[in-house]
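Fold and contact review
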Amino acid sequence: MSAQRDERFAEMLETTQAHVRAYIAGLGVPPVDVDDLAQEVYLEVYRNMEAIPADLEPIRWLKGIARNLCMNHFRRETRRKLKTQLESLIEHLDRTPATFDDVEAMQEALRALDGCMEQLSEKNREMIRMRYRDGRTSESIAEAFATTAEAVRITLFRLRGKLKECVTRRLEPHG
Amino acid sequence: MSVSDGLLARFLEDRESLSETEFDALLAALKADAALSKALKDLLVIDGLCAQTLAPDRRGFKAQVAQRLRDLERGRALEAGDVVKRFHARPAPRRLARWGALAAAACAVSPRSGWSVQPSSPLDERAARPIVRQQRRA
């Protein structure tokens, strides 16, 4: 592989990886599978760099590969529960527009997220950290907060909504 | 058709915690309501971004891709190595062996000629072996 080609790939990885991973997550792919599938996307691109049409934005090419790999992944996984439903969900969500739908918006959203987390109360921030940093289930978080798993799930659901609103505000001009 | 926040919250935490009936109801609601679909997609994206930002095992994504690429390249090198091994294992073509024997005979006739074969490839090396042996004997 030529140095120029390597450089092009490295630049593509740097600028698009956050977007590709969020795109895969946005298709409803379970979080545990997101990064594995995203890695597959980049390996596929690396193997076939020449196939990317010159007049096409690389992110569109990457998303196309990501979508196909996600579908194939669930088709292959015969033992997975709700396989057919997950396939339908991916197809549906792929056609659904998202608020952060381009590379720049996604990168800005990622940067804005830190500030938005700072705006949460300490208790809510801790709940988010337990969920994402420590990978704890709602049952486990509920024990720490002396509450029910259902209450934790609902709180996390609302916190994600708050974070989404905050990030959207920050991305608006003069936001 | 509407779905409860409770169902969406469970879906976000663990897709497989939903029963088939619940998942079908969620799909039907999403297909009937574009705003709900967009809201869920945004929440899934935020969920993905939170994981990217906070989960320690997800921060090294670029390094993980680089490692997979190194593995891929090593795999290619191993495949190329197999080709070389197969080449080594192949018997020398008869014609070359015959030329080798002729050269050996020439050396035996003139042992102090100083002529030697410098092996440049595995094949040449194999063809040269009887010649060198002849020279040593001489």
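Residues numbered from 1 in each chain as written. Chains lettered and ligands numbered in written order. Predicted model: local features only at pLDDT ≥ 70, side-chain atom pairs only at ≥ 80, totals over all residues. Heavy atoms only, no water.

**A few points about helix H3 (residues 34–54) of chain B**
Residues and elements named next belong to chain B. So the rule is basically this: The way it works is that DSSP assigns letters per residue, a run of H or I at least four long becomes a helix, a run of E at least two long becomes a strand, and they are numbered from the N terminus. Expected span of a helix: the number of residues minus one, times 1.5 Å. Each residue's exposure class comes from its accessible area (1.4 Å probe, protein chains only) as a fraction of the maximum for that residue type: buried when under 20%, exposed when over 50%, partly exposed otherwise. Between N or O atoms, a polar contact is any pair within 3.5 Å; within protein, one atom must be a potential hydrogen donor and the other a potential acceptor, and residues adjacent in sequence are included only when both atoms are from side chains.
With 21 residues, H3 should reach 30 Å at 1.5 Å per residue; the first-to-last C-alpha distance of 30 Å fits that figure. The buried fraction of H3 amounts to 17 of the 21 residues, a majority that puts the element mostly inside the structure. For H3, the side-chain oxygen to backbone nitrogen distance between the N-cap and Ala35 is 3.1 Å, and the N-cap itself is Asp33.

**As for the state of the cysteines**
Here is the rule: Here, the term disulfide refers to a pair of cysteine sulfur atoms separated by no more than 2.5 Å.
Taken as a whole and assessed by the stated rule, the structure comprises 1 disulfide over all chains. The disulfide partner of Cys116(A) is Cys166(A), and the S-S distance across this bridge is 2.0 Å. Residues Cys116(A) and Cys166(A) are joined by a disulfide whose S-S torsion is about -85°; by sign, that bridge is left-handed. One end of the pair, Cys116(A), is in helix H5 (residues 103–118); the other, Cys166(A), is in helix H8 (residues 149–171), and 50 residues separate them in sequence. The two residues Cys116(A) and Cys166(A) agree in class, both being buried. Of all cysteine sulfurs in the structure, the one in Cys116(A) sits closest to Cys50(B), which takes part in no disulfide; the separation is 9.8 Å. Classification of Cys50(B) as buried rests on a relative accessible area of 0%.

**Quick look at the packing of aromatic side chains**
We apply this condition: Two aromatic rings, drawn from Phe, Tyr or Trp (for Trp, its six-membered ring), form a pair once their centres lie within 6.5 Å of each other, and the interplanar angle then sorts them: stacked below 30 degrees, edge-to-face above 60, tilted otherwise. Placement of a positive charge over a ring is assigned whenever Lys NZ or Arg CZ falls within 6 Å of the ring centre and within 35 degrees of the normal to the ring plane.
Scanning all chains against the criterion turns up 4 aromatic pairs over all chains. Arranged with centres 5.1 Å apart and planes meeting at 75°, the rings of Phe9(A) and Tyr46(A) form a pair that is edge-to-face. Residue Phe9(A) is located in helix H1 (residues 3–26), and its partner Tyr46(A) is located in helix H2 (residues 31–47); the two are separated by 37 residues in the primary sequence. Taken individually, Phe9(A) and Tyr46(A) each receive the classification buried, so the pair is uniform in this respect. Ring geometry for Tyr42(A) and Phe61(B): centres 6.1 Å apart, planes at 70°, overall edge-to-face. Residue Tyr42(A) is located in helix H2, and its partner Phe61(B) is located in helix H4 (residues 61–89); the two belong to separate chains. Each member of the pair Tyr42(A) and Phe61(B) is classed as buried. Taken together through their ring pairs, the aromatic side chains of Phe9(A), Tyr42(A), Tyr46(A) and Phe61(B) make up a single cluster. One residue, Arg15(B), lies across the ring of Phe11(B), its end atom 4.8 Å from the ring centre.

**Some words on the side chain of Gln52(B)**
With respect to the helices and strands, the residue Gln52(B) is situated in helix H3. The class for Gln52(B) is buried, based on a relative accessible area of 8%.

**Examining unusual backbone geometry**
Comment: phi is negative for the bulk of residues other than glycine, and the bulk of peptide bonds are trans. At Ala146(A), a residue that is not glycine, the phi angle is positive and equals roughly 50°. Turning to its location among the elements, Ala146(A) is positioned in the loop between helix H7 (138–144) and H8.

**Let's talk about the nonpolar core**
Filter applied, for reference: Nonpolar cores are built from buried Ala, Val, Leu, Ile, Met, Phe, Trp, Tyr and Cys residues. Side-chain atoms within 4.5 Å join them into one set. Domain segmentation is taken from an automatic or database assignment of domains.
The biggest cluster of nonpolar side chains holds 54 residues, and the ones touching the most others in it are Ile24(A), Val29(A) and Phe11(B). Considering each element in turn, this core owes the most residues, 8 residues, to H2(A). Each of domain 1 (2–95) and domain 2 (103–171) of chain A contributes no fewer than three residues to this core. Membership of the second largest hydrophobic core comes to 28 residues, among which are Ala22(A), Ala109(A), Met127(A) and Leu163(A).

**Brief notes about the interface of chain B and chain A**
A common measure of how large an interface is: the accessible area buried when the components associate. Stated precisely, the cut-off is as follows: Between two residues, a contact is recorded if the distance between any of their heavy atoms is within 4.5 Å. Buried surface area refers to the total accessible area, computed with a probe of radius 1.4 Å, that the two partners give up upon joining, counted for both partners together. Any Lys or Arg side-chain nitrogen located within 4 Å of an Asp or Glu carboxyl oxygen qualifies as a salt bridge.
The partner chain A presents 61 residues to the 46 residues of chain B that form the contact. The largest per-residue losses of area from chain B upon contact with chain A belong to Glu13(B), Lys41(B) and Phe61(B), which jointly make up 14% of the total buried on that side. The tally of links from chain B across to chain A stands at 6 salt bridges. Taken together, chain B and chain A are joined by 22 residue pairs in polar contact (both at pLDDT 80 or more). Elements that contribute at least two residues to the side of chain B that touches chain A include exactly helix H1 (5–13), helix H2 (20–32), H3 and H4 of chain B.

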